[in-house]
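Observations on chain architecture
Listed below are the residues making up each chain.
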Amino acid sequence: TWTPKGDRSRYNICPYEGTIHKYRTSTLTNERGEEFDLELTHGEYCRLEGEALVQSEGEVCDVSNDCAVGLGCRMEGEDEIERCKIVCQRKRWAQRLADECKVDCANTKCLPEIE
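All values derive from a computational prediction rather than experimental measurement. (Residues numbered from 1 in each chain as written. Predicted model: local features only at pLDDT ≥ 70, side-chain atom pairs only at ≥ 80, totals over all residues. Heavy atoms only, no water.)

**A closer look at helix α1 (residues 78-90)**
With 13 residues, α1 should reach 18 Å at 1.5 Å per residue; the first-to-last C-alpha distance of 19 Å fits that figure. Listed in full, the buried residues belonging to α1 are Ile 81, Cys 84 and Cys 88. In a view along the axis of α1, the buried residues occupy a sector of 60°, so they form one face of it. Structural note: α1 exposes Asp 79, Arg 83 and Arg 90 on the side pointing more than 90 degrees away from its buried face. Each element contacted by the buried residues of α1 is listed here: α2 (95-104). (Helix = DSSP H or I, 4+ residues; strand = E, 2+ residues; numbered from the N terminus. Expected span 1.5 Å × (residues − 1). Buried < 20%, exposed > 50% of the residue type's maximum accessible area, 1.4 Å probe, protein only. Arc of directions from axis to C-beta. Contact = heavy atoms within 4.5 Å.)

**Brief notes about the pattern of salt bridges**
A complete count under the given rule lists seven salt bridges for this structure. Between Lys 109 and Glu 76 there is a salt bridge, with its nearest N and O atoms 3.1 Å apart. With Lys 109 in strand β6 (residues 109-112) and Glu 76 in the loop between β5 (71-74) and α1, this pair connects stretches of sequence that are 33 residues apart. Here Arg 96 ties to Glu 100 by a salt bridge, and the two come within 3.4 Å at their closest N and O atoms. With a gap of four residues between them, Arg 96 and Glu 100 both fall in helix α2, about one helical turn apart. Connected via shared salt-bridge partners are Glu 39, Arg 47 and Glu 49. (Salt bridge = Lys/Arg side-chain N within 4 Å of Asp/Glu carboxyl O.)

Everything listed here is a matter of coordinates, which is why it stays silent on function.
Following this line, the structure appears as structure tokens:
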């Protein structure tokens, strides 16, 4: 997923250090020293979670667990979405890319939690 600023969802897991275990959860460390867990599940699927997988403020997310501590996954306000769409339209892109950019303005993002 990308945003008008060129941001992408990022998962900092490769390269990693550690051993992948076939029958239990593997705790691995990425090149930044952040840990993450890898658990092989049924078939060819796996479960990943940990510090190396969280998104920072303003990055695209699906659920609040995708976000760093103190952030929640939610849609920005209508004013911010409209500003984003205006920025997309001003880019010197093919119309197709500008249209895709506008759609992405309405993605949920990691934003400070509301109390």
